[in-house]
Number of protein chains: 2
Amino acid sequence: MRLSTKGRYGVKAMVDLALHSGDEQPVPIKDIADRQEISEHYLEQLIAGLRKAGLVKSVRGAQGGYMLAQAPDAIVVGDLLRTLEGTIAPADCVAEDKPVNCERADNCVTRILWEKIHDSINSVVNSITLQDMVNEYKRLNGQESM
Amino acid sequence: MRLSTKGRYGVKAMVDLALHSGDEQPVPIKDIADRQEISEHYLEQLIAGLRKAGLVKSVRGAQGGYMLAQAPDAIVVGDLLRTLEGTIAPADCVAEDKPVNCERADNCVTRILWEKIHDSINSVVNSITLQDMVNEYKRLNGQESM
DNA sequence: CCAAATCCGACTAAATTACTTGGGATTTAC
DNA sequence: GTAAATCCCAAGTAATTTAGTCGGATTTGG
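Draft legend 1. Focus on the relation of the copies chain A and chain B. For the match of chain A to chain B, the screw axis carries a shift of 0.0 Å, the RMSD comes to 0.1 Å, and the turn is 180°. What we have between these two chains is a two-fold relation. Measuring from the rotation axis to each C-alpha of chain A, the shortest distance belongs to Met 1 of chain A, at 2.1 Å. When you check the interface residues of chain A against chain B, 100% turn up at the interface there too, and the contact is symmetric in its surfaces.

Here you go:
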């Protein structure tokens with residue numbers, strides 16, 4: 001049930017972006033990679049996915065970088081994780097987009113269990129916004145930089 | 001967040017065992033493997049872990065097999081998954097046994113998120129027993145065999 | 001003794017993960 | 001108009017994990 005670095009790094013990067021989105025300046029990927037200690041090129045790939053999903057905007061060229069595509073309180077962590085990880089389902093048969101169904105789908109006991117786990121995860125990640133995480137961060141860290 | 005076959009097969013096998021535990025006869029692994037369509041040798045490894053964790057008992061020799069070590073309503077799915085998967089935490093820093101802590105543990109925002117996800121998963125899997133799954137199964141399938 | 005079983009440890013193929021490498025396209029500052 | 005900054009894109013790759021296989025030793029009921 002472990003998230004891959006895609007999910008973990010990607011969410012971190014987005015919180016970083018949210019924290020530095022006060023100014024209207026786009027944030028270059030290098031800054032995020034340095035602050036979060038993530039390989040720059042690898043992070044680039046993750047953000048590419050988020051951009052294609054419409055969650056971040058990019059500005060090319062010098063002084064360019066990335067910005068959130070929507071306000072931090074309009075982006076839920078669930079959307080990030082689903083984009084980054086492909087799916088957050090514990091089993092393929094309960095995946096949100098492409099539910100691979102086994103033959104015995106109708107009378108599979110464990111499937112109900114996977115559904116309950118999936119629902120439970122979704123209820124958490126769909127209720128937490130980037131703004132919530134920023135607030136939490138500021139509460140914990142006061143004036144310190146990330 | 002996908003469970004591996006260890007977790008999925010293991011839980012299936014335990015539900016199977018619970019379903020066939022009415023008789024006091026131990027159930028040979030071959031029967032479970034056939035019914036659940038799992039490689040016999042592979043399942044053997046999974047059950048070995050469950051046995052070491054005290055969740056199943058074995059009877060060696062001819063007419064031997066496996067039995068639940070406790071009543072089905074005393075075994076929660078969470079114990080199975082933790083044994084089978086090692087941990088069900090979404091990130092190592094919130095793992096139940098060996099919480100690998102990063103330096104910035106104290107002021108890590110995402111950690112709080114992983115904790116919430118972890119708690120949410122645990123609340124589900126720790127509240128569902130094998131008996132619950134057997135009941136659900138019987139409700140769905142009536143007289144049919146598994 | 002023999003067949004049915006568990007037990008045990010090593011080996012392996014395939015897939016996935018977590019990157020790296022190398023370059024190209026676009027924009028801005030000077 | 002050139003250099004620097006930056007995003008964009010596609011391949012390649014090393015390490016790890018997954019999902020098994022294989023071969024045999026041990027135990028036990030009949």
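Draft legend 2. Seen up close, helix H2 (residues 29–36) of chain A. All names here are of chain A. When H2 is considered as a whole, its buried residues turn out to be Ile 29, Ile 32, Ala 33 and Gln 36. When H2 is viewed along its axis, its buried side chains cluster within an angular range of 100° and face the same direction. On its buried side, H2 packs onto helix H1 (5–19), helix H3 (40–52) and strand E2 (65–68). In the segment just after H2, Glu 37 is the residue with positive phi, at about 55°.

Draft legend 3. Quick peek at the protein's contact with DNA strand D. Lining the immediate environment of DNA strand D, one finds 27 residues, of which Ser 58 and Tyr 66 of chain A together with Thr 5, Ser 39 and Gln 45 of chain B sit closest. Backbone atoms, meaning sugar plus phosphate, form 67% of the atoms of DNA strand D positioned within 4 Å of the protein. Here a base nitrogen of DNA strand D and a side-chain polar atom of Glu 44 of chain A are 3.2 Å apart. Measuring from a base nitrogen of DNA strand D, one finds a backbone N or O atom of Ala 62 of chain A at 3.4 Å. Top contributing element to the surface near DNA strand D by residue count: H3 of chain A, with 4 residues. When the residues that make up the surface near DNA strand D are grouped by side-chain class, the tally is 9 nonpolar, 14 polar and 4 charged.

Draft legend 4. Just the packing of H1 of chain A against helix H5 (residues 109–125) of chain B, in detail. Running from N to C, H1 of chain A and H5 of chain B point in directions that differ by 130°, and their axes come no closer than 10 Å. When the axis of H1 of chain A is compared with that of H5 of chain B, the two are oblique. Judged by the sense of rotation from one axis to the other, the crossing of H1 of chain A with H5 of chain B is right-handed. Side by side, H1 of chain A and H5 of chain B meet where Gly 7, Arg 8, Val 11, Lys 12 and Val 15 of chain A of the first sit next to Val 109, Thr 110, Leu 113 and Trp 114 of chain B of the second. Class assignment of the residues belonging to the contact of H1 of chain A with H5 of chain B gives a composition of 5 nonpolar, 2 polar and 2 charged.

Draft legend 5. Representation of the protein's contact with DNA strand C. Taken together, 25 residues surround DNA strand C, and among them His 41 and Gln 45 of chain A together with Ile 29, Ser 58 and Tyr 66 of chain B come closest. Of all atoms in DNA strand C that approach within 4 Å of the protein, 61% are sugar or phosphate atoms. Between DNA strand C and Gln 45 of chain A, the relevant distance is 2.5 Å, taken from a base oxygen to a side-chain nitrogen or oxygen of the residue. Within the backbone of Ala 62 of chain A, one N or O atom sits 3.2 Å away from a base oxygen of DNA strand C. Elements that contribute at least two residues to the surface near DNA strand C include exactly H1 and H3 of chain A together with helix H3 (40–52), strand E1 (56–59) and strand E2 (65–68) of chain B. Tallying contributions element by element places H3 of chain B first for the surface near DNA strand C, with 4 residues. The residue makeup of the surface near DNA strand C, split by class, is 8 nonpolar, 13 polar and 4 charged.

About the cut-offs
- Residues numbered from 1 in each chain as written.
- Chains lettered and ligands numbered in written order.
- Predicted model: local features only at pLDDT ≥ 70, side-chain atom pairs only at ≥ 80, totals over all residues.
- Heavy atoms only, no water.
- Least-squares fit on C-alpha atoms with pLDDT ≥ 70 in both.
- Contact = heavy atoms within 4.5 Å.
- Buried < 20%, exposed > 50% of the residue type's maximum accessible area, 1.4 Å probe, protein only.
- Helix = DSSP H or I, 4+ residues; strand = E, 2+ residues; numbered from the N terminus.
- Arc of directions from axis to C-beta.
- Near = heavy atom within 4 Å.
- Polar contact = N/O pair within 3.5 Å; in protein donor to acceptor, adjacent residues only side chain to side chain.
- Nonpolar A, V, L, I, M, F, W, Y, C, P; charged D, E, K, R; others polar.
- Axes fitted to C-alpha atoms, helices over the stretch in contact; angles between N-to-C directions.
- Parallel < 35°, antiparallel > 145°, perpendicular 65-115°, else oblique.
- Left-handed = near helix turned anticlockwise from the far one by under 90°.

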